[in-house]
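Fold and contact review
The chain contents come next:
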Amino acid sequence: MVKENLLEVEEKIQEACKKSGRSRDAVTLIAVSKTKPVSMIEEAIAAGIREFGENKPQELKEKYEVLPKDLRWHMIGHLQRNKVKYVVPRACMIHSIDSVRLAEEVSQEAVKHGLRIPVLVEVNVAEEETKGGVTVPETESFIRQIAPLPGISVQGLMTIAPFVENAEDNRYVFEKLRKLSVDIKSKNIDNVIMCNLSMGMTGDYQVAIEEGATMVRVGTGIFGERHYTI
Ligand SMILES: *Cc1c(COP(=O)(O)O)cnc(C)c1O
């Protein structure tokens, strides 16, 4: 099932790239494997996937330990400072930096390991109360505050768009994030490379790609519905 789903997702990604005149290479598919067993991740690996997304530090750690070491793990969920130690030595990127204290903790832990870890700043574009992230007007000054930290490298922006029935309803969110990214890039802030836009999930990744996503995070569309039993 994973293999068939992946073929369909790949087709839709190519369609969106073609429609928007973008190269397929410009978009990374992150398979969001949270709550799903290692056996399903192995099916995705067999189908050629190497980039995976998790939102729980402990779960990321456990899967990291048992799976091949050439996989790239993306931390995409809300991160508590006391869990940073599980993530920093294992993740290739943290997408959910939304406070100075979290950025400082990540930086400190990375320096301990001799690393400089790529991070994205999570932006709450739609200003939903239930979601983390800095607001659009706060983003530039937030980036200026965290950019000098020695253990992180700010490499772009991430957003979780609202849940909508019609993906088109989120187009303005993606467009707004891209414009913000272009605006910040033009400021040439030291230690900041605005090269990534992590946006788009199962319901809206095609629209996100049309609006410039460089990373899409797809869970349900690859692994099926999630059942939270614990
Ligand atoms: C779970 C999750 C996803 C994947 O969501 P789907 O709708 O299942 O594709 C993407 N991004 C984040 C931050 C998530 O927590």
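Please refer to the structure higher up on the page.
Remember, it's a predicted structure, so these values are computed and weren't measured experimentally. (Residues numbered from 1 in each chain as written. Predicted model: local features only at pLDDT ≥ 70, side-chain atom pairs only at ≥ 80, totals over all residues. Heavy atoms only, no water.)

Thoughts on the side chain of lysine 36
Along the polypeptide, lysine 36 turns up in the loop between strand 1 (28–32) and helix 2 (38–46). Dropping the residues within four chain positions of it, lysine 36 is found in contact with Ile41, Glu59, Lys63, Phe223, Gly224, Glu225 and Arg226. (Helix = DSSP H or I, 4+ residues; strand = E, 2+ residues; numbered from the N terminus. Contact = heavy atoms within 4.5 Å.)

Some words on the state of the cysteines
All chains considered together, the criterion is met by 0 disulfides. Here cysteine 92 is not cross-linked by a disulfide; its sulfur's nearest cysteine counterpart is in cysteine 195, at 12 Å. (Disulfide = S-S within 2.5 Å.)

Notes on helix 5 (residues 100–112)
The end-to-end C-alpha separation of helix 5 is 18 Å, in line with the 18 Å expected for 13 residues at 1.5 Å each. Looking at helix 5, one finds that the buried residues are Leu102, Ala103, Val106, Ser107, Glu109 and Ala110. The buried side chains of helix 5 occupy one side of the element, clustering within an arc of 170° when seen end-on. Pointing more than 90 degrees away from the buried face of helix 5 are the exposed residues Arg101, Gln108 and Lys112. Considering only its buried residues, helix 5 is in contact with helix 4 (84–87), strand 4 (91–97), strand 5 (117–122), helix 6 (136–146) and strand 6 (152–158). Positioned one or two residues after helix 5, glycine 114 has a phi angle of 70°, which is positive. (Expected span 1.5 Å × (residues − 1). Buried < 20%, exposed > 50% of the residue type's maximum accessible area, 1.4 Å probe, protein only. Arc of directions from axis to C-beta.)

Considerations on the site of the ligand
Around the ligand, the neighbouring residues are Val32, Lys34, Ile76, Ile160, Met201, Thr202, Arg217, Val218, Gly219, Thr220 and Arg226. The separation between an oxygen atom of the ligand and a polar side-chain atom of threonine 202 is 2.4 Å. Across the complex, the protein chains shield 89% of the 390 Å² of accessible surface that the ligand would expose by itself. Its residues assigned to classes, the shell around the ligand comprises 5 nonpolar, 3 polar and 3 charged. (Near = heavy atom within 4 Å. Polar contact = N/O pair within 3.5 Å; in protein donor to acceptor, adjacent residues only side chain to side chain. Areas by Shrake-Rupley, 256 points an atom, 1.4 Å probe, with all protein chains shown as cover. Nonpolar A, V, L, I, M, F, W, Y, C, P; charged D, E, K, R; others polar.)

Structural notes on unusual backbone geometry
The backbone phi angle of threonine 35 is positive, close to 70°, even though this residue is not glycine. One can find threonine 35 in the loop between strand 1 and helix 2. Judged by its relative accessible area of 32%, threonine 35 is partly exposed.

Observations concerning the pairing of strand 7 (residues 192–198)
Extensive coverage of strand 7 is indicated by the burial of 5 of its 7 residues. In terms of strand pairing, strand 6 meets strand 7 through 4 bridges, oriented parallel. Counterpart to valine 154 in the pairing with strand 7 is valine 192. In this region the chain leaves strand 6, passes through helix 7 (residues 171–185) and returns to the parallel neighbour strand 7; the handedness of that crossover is right-handed. (Pairing = 2+ DSSP bridges. Right-handed = clockwise from strand over helix to strand, strands pointing away.)

So, the packing of aromatic side chains
Enumeration according to the criterion identifies 1 aromatic pair in this entry. With 5.6 Å between their ring centres and 35° between their planes, phenylalanine 52 and tryptophan 73 make a pair best called tilted. Taken together, the positions of phenylalanine 52 in strand 2 (residues 51–54) and tryptophan 73 in strand 3 (residues 72–75) put the pair 21 residues apart, joining distant regions of the chain. Between the NZ or CZ atom of lysine 69 and the centre of the ring of tyrosine 64, over which it lies, the distance is 4.8 Å. One Lys or Arg, lysine 85, reaches over the ring of tyrosine 86 and ends 5.0 Å from the middle of that ring. (Phe/Tyr/Trp six-rings, centres within 6.5 Å; stacked < 30°, edge-to-face > 60°. Lys NZ or Arg CZ within 6 Å of the ring centre and 35° of its normal.)

Examining the nonpolar core
Judged by nonpolar contacts, the single largest core of 68 residues is most densely connected at Phe52 and Val106. Element by element, the count of residues in this core is highest for helix 1 (residues 2–19), at 6 residues. (Core = buried A, V, L, I, M, F, W, Y, C linked by side-chain atoms within 4.5 Å.)

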